[in-house]
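# Structural overview
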Amino acid sequence: MHQRPFRAAVELLGPGFRIGVGANPEVKKITDAYRAMLPEAQDSWPGMGIGLAVSMDRVRKMVLPVVFGSHNGPLDIAGPLAFDSPEDWWHWCREDRAIAAESYFAFADLFDFAYGVDDVRDREPQAQTLWRMAGSNLSDAANALPAAFGVDSLLQPICMVAELSLKAALVFNGADPNEFKGPKGHDVPGLADRLSAEAPHREDIKVAEIIRQLPPYVKSRYAPAGLTRLRVARLALAVQFVAAATVRRFSRQRDLASQMETGGWPAPRPPFFP
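Everything in this summary refers to the structure shown in the same document. (Residues numbered from 1 in each chain as written. Predicted model: local features only at pLDDT ≥ 70, side-chain atom pairs only at ≥ 80, totals over all residues. Heavy atoms only, no water.)

## Describing the pairing of strand 2 (residues 58-64)
One ladder, built from 7 bridges, connects strand 1 (residues 49-55) with strand 2; its direction is antiparallel. Opposite G49, over in strand 2, you have L64 as the bridge partner. Between strand 1 and the antiparallel strand that follows it, strand 2, lie 2 residues; M56 among them carries a positive phi value of about 60°. (Pairing = 2+ DSSP bridges. Helix = DSSP H or I, 4+ residues; strand = E, 2+ residues; numbered from the N terminus.)

Below you can see the structure in the form of structure tokens.
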């Protein structure tokens, strides 16, 4: 849907469609008019990936920019979270440095996950499929949580982010995808332990701590787990980290999180479940 304003300009202008140097000003007029008529076109822009950041029990959808070339300036957090200014983002953070730091680490996790998966896109297509499905579930949670009245059903995509990303990492490391059929495939703590044993990584202890906090989500399909909105928001933020940690161990050139974890603020990473 996000491509429709652009495609409308191409179709309407035909040979007169020009962008870049010598651009036809009618292109912008048409795309602006289309977005005004159909705001969903802009809202559906997927960027490089969709994730989330949290401020207490408030969840904000994060759209990861598509990066061209290198970037050496300060990291823009307000933009991917669709704030009009850094000041608006700071107020959303309750002017709390720990909450603000979490936004930076949330960006790092989404960046490492999305770009890391892209880095290894030509290897192990079955692992790619599982990582892409993990990203799709993360996107579903990020789209639904900000305005959700009830959160019980959202435990399903949240837990699936963890399960699918762990399976993807194991398959990438050589496991047969057929191993995970049946109840064994839903043993998320077992999947985490196996990945830690087969492809150890500096974040394994934190991953195991997060996995222990997940509810028995198969059971939660049929009855509410009774978790608060605040708790579900923390779980969503935490599984975003789990997904990133599964990729970082194989795409080592993508580790923005490790850069943030050294030196001054935003380090150290705030705990997911204080």
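## Things to note about the environment of R121
If you trace the backbone, R121 turns up in the loop between helix 5 (97-119) and helix 6 (125-144). For R121, a relative accessible area of 46% gives the class partly exposed. Within the structure, R121 has its side chain in polar contact with the backbone oxygen of D118 (distance 2.7 Å). (Buried < 20%, exposed > 50% of the residue type's maximum accessible area, 1.4 Å probe, protein only. Polar contact = N/O pair within 3.5 Å; in protein donor to acceptor, adjacent residues only side chain to side chain.)

## Some details on the pairing of strand 1
Across the 7 residues of strand 1, 7 count as buried, placing the element largely inside the fold. Where burial is concerned, the two faces of strand 1 agree: the one with G49, G51, A53 and S55 and the one with I50, L52 and V54 are both buried.

## Section: the environment of L191
Along the chain, L191 falls in helix 8 (residues 188-198). Every residue in contact with L191, bar those within four places of it in the chain, is listed here: E163, L166, K167, L170, F180 and G185. (Contact = heavy atoms within 4.5 Å.)

## Some points on empty space enclosed by the protein
Applying the stated criterion across every chain, the model contains 1 cavity of 30 Å³ or more. Sort the elements by how many residues they give to the lining of the largest cavity and helix 5 lands first, with 4 residues. Of the residues in the lining of the largest cavity, the class split is 5 nonpolar, no polar and 3 charged. (1 Å grid on protein atoms, 1.4 Å probe; cavity = no way out; pocket = protein on both sides within 12 Å on 5 of 7 lines; lining within 4 Å. Points joined across faces, edges and corners; volume = space filled by probe spheres on them. Nonpolar A, V, L, I, M, F, W, Y, C, P; charged D, E, K, R; others polar.)

## Topic: the packing of aromatic side chains
Across all of its chains, the model carries 9 aromatic pairs by this definition. Between the aromatic rings of F172 and F250, the centroid separation amounts to 4.9 Å while the plane-to-plane angle is 50°, which identifies the pairing as tilted. Of this pair, F172 sits in helix 7 (residues 155-172) while F250 sits in the loop between helix 10 (229-248) and helix 11 (256-260), and the two are 78 residues apart along the sequence. Accessibility expressed as a relative area gives 19% for F250, which makes it buried. (Phe/Tyr/Trp six-rings, centres within 6.5 Å; stacked < 30°, edge-to-face > 60°.)

## Focus: unusual backbone geometry
A cis amide bond links W265 to the next residue, P266, at an omega of 15°. Structurally, P266 can be placed in the segment after helix 11. Of note, the bond from A267 into P268 is cis; its omega dihedral lies within 30 degrees of zero at -5°. Of note, M56 is a non-glycine position whose phi angle comes to about 60°, a positive value.

## Thoughts on the environment of R221
Mapped onto the secondary structure, R221 falls in the loop between helix 9 (204-213) and helix 10. Sequence separation between R221 and A82 is 139 residues; the distance between their C-alpha atoms is 32 Å.

## Overview of the packing of helix 9 against helix 10
The contact between helix 9 and helix 10 brings their axes to 10 Å, and the two run at 140°. For helix 9 against helix 10, the interelement crossing comes out left-handed. Residues K206, V207, I210 and Q213 of helix 9 touch helix 10, and the partners they reach there are R231, L235, A238, F241, V242 and A245. Considered class by class, the residues forming the contact of helix 9 with helix 10 number 7 nonpolar, 1 polar and 2 charged. (Axes fitted to C-alpha atoms, helices over the stretch in contact; angles between N-to-C directions. Left-handed = near helix turned anticlockwise from the far one by under 90°.)

## A word on the pattern of salt bridges
If you walk through the whole model with that rule in mind, you get 19 salt bridges. R248 is paired through a salt bridge with D109; the nearest N and O atoms lie 3.1 Å apart. One end of the pair, R248, is in helix 10; the other, D109, is in helix 5, and 139 residues separate them in sequence. A relative accessible area of 1% places R248 in the buried class. Among the salt bridges present, the one from R202 reaches E261, with a minimum N-O distance of 2.9 Å. Here the residue R202 occupies a position in the loop between helix 8 and helix 9, and E261 occupies one in the segment after helix 11, the gap between them amounting to 59 residues. Through salt bridges with shared partners, one network takes in D109, D112, R202, E203, R248, D255, E261 and R269. (Salt bridge = Lys/Arg side-chain N within 4 Å of Asp/Glu carboxyl O.)

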